[in-house]
Amino acid sequence: MRPAPRSPSRRPLAHAAVLASLLASLLAFVASAHAAEKFTFLTDWYAQAEHGGYYQAQATGLYAKAGLDVTLKMGGPQVNLMQLLVAGQADCIMGFDNQTLKAWEQGIQAVSVAAAFQKDPAVLIAHPQVQRIEDLKGHTILVGQVGQVTYWPWLKSRYGFTDAQLRPYTFNLQPFLADKSLAQQGYLASEPYSIEKTAGFKPTVFLLADLGWPPYANAVVCMADTLQRKPQQVSAFLKASMQGWKSYLQGDPSPANALIKKDNPNMRDDVIAQAIAKLKSEGVVLGGDAAKLGIGTITDARMQKTYDVMVQHKLLDPNKVDLKKTYTTRFVQDLKVMP
């Protein structure tokens, strides 16, 4: 009798299955890498909590999931963001309404497409005995060059301040600390905290946005031709960024903070923590229209207010600037990243 035939070995089939799986994984990886679009975003200063949403999107893979290979570049005191945008060194930059409107006056077609900050964090800082901003009338107020051509004319009109009170702010706290009659400009989560840590007292802080100063801040600004060439990439960047802001302020911010400190080794944990607390308590990102329309929203009404203020104070030539061309709501209206 012939021996019963043996069952064919299953080993070649198993090997084939493993190889097929490995090949599929490799193809998926190659396809993913190929699909990732390079996208460069330039921030307005050294890495800090005020940039946290973008770093969170990077650190947690939100950009990668959106099919983007995003590079975050830091700005700084000697960096001209608008110039770099025009030169094609960034797809979009972190800007603000006044800057974009002035750019159009100069023939630069820069467009605001979203605003992470519903409030401009610009503040006036006074010593504790000053309780009302009206009480600063007649006091010396230190304001930097940018403030002098943005909110200072508005402050003069609203509170009766005069140019006789104005002195340049040199980003040095010592004059303020040495003279209790002085007031100065600042940034919500920066100078007030530095004063508290340095001098041991809490200054009086007036957030201009809460007093009616209308511009957005931390806006995403792109050239008009970029919006025509790369609308899907811009949309994907905005969606992931605003999801990053939600995660940063309502979840665990540590992934972003690690990247922030890597880019900016001088940044301290306590500075980051208090900045996050201020962003939350003042509703800078999650408050205002963002609470009902979604993080990053911009509205026609707010843009019109900013435009009107600039025209009213002769900071903008309305004959050279068509407001409707300086921003678009078509990207943010579909984001719907709700707090």
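Scroll up to find the structure.
Residues numbered from 1 in each chain as written. Predicted model: local features only at pLDDT ≥ 70, side-chain atom pairs only at ≥ 80, totals over all residues. Heavy atoms only, no water.

A. Quick look at the packing of aromatic side chains. One pass over the structure, following the stated rule, counts 15 aromatic pairs. Taking the centre distance of 6.3 Å and the plane angle of 85 degrees together, the rings of Tyr151 and Trp213 count as edge-to-face. A residue pair is termed long-range when its members are at least 10 positions apart, and Tyr151 in helix 7 (residues 151–159) and Trp213 in the loop between strand 9 (204–207) and strand 10 (217–223) qualify at 62 residues. Each member of the aromatic cluster is reached from another via a ring pair, and the members are Phe39, Phe41, Tyr54, Tyr63, Phe117, Phe237, Trp245 and Tyr248. A cation sits over an aromatic face here: Arg302 above Tyr216, 4.1 Å from the ring centre. (Phe/Tyr/Trp six-rings, centres within 6.5 Å; stacked < 30°, edge-to-face > 60°. Helix = DSSP H or I, 4+ residues; strand = E, 2+ residues; numbered from the N terminus. Lys NZ or Arg CZ within 6 Å of the ring centre and 35° of its normal.)

B. The state of the cysteines, seen in detail. Inspection of the entire model under this criterion finds one disulfide. Disulfide partner of Cys92: Cys222, at an S-S distance of 2.1 Å. The S-S bond linking Cys92 to Cys222 shows a torsion near 95 degrees; that makes this disulfide right-handed. Note that Cys92 is positioned in strand 3 (residues 92–95) and Cys222 in strand 10, a separation of 130 residues in sequence. Of the residues examined, Cys92 reaches a relative accessible area of 1% and is grouped as buried. Exposure remark for Cys222: the relative accessible area of 0% places this residue in the buried category. (Disulfide = S-S within 2.5 Å. Buried < 20%, exposed > 50% of the residue type's maximum accessible area, 1.4 Å probe, protein only.)

C. Examining unusual backbone geometry more closely. The backbone of Phe171 shows a phi angle near 60 degrees, a positive value even though the residue is not glycine. Relative to the elements of secondary structure, Phe171 occurs in the loop between strand 7 (166–168) and helix 8 (174–178). On the accessibility criterion, Phe171 (61% relative accessible area) is exposed. Located in the positive-phi region is Asn218, a residue other than glycine, with phi close to 50 degrees. Position of Asn218 relative to the elements: it lies in strand 10.

D. Representation of the pattern of salt bridges. Taken as a whole and assessed by the stated rule, the structure comprises 10 salt bridges. Of the charged contacts in the structure, one is a salt bridge between Lys102 and Glu105, with a shortest N-O distance of 2.5 Å. Pair noted here: Lys102 and Glu105 are both in helix 5 (residues 97–105), with a separation of three residues, about one helical turn. Asp270 serves as the salt-bridge partner of Arg268, at 2.9 Å between the closest nitrogen and oxygen. Relative accessible area serves as the criterion here: at 45%, Arg268 is assigned to the partly exposed category. (Salt bridge = Lys/Arg side-chain N within 4 Å of Asp/Glu carboxyl O.)

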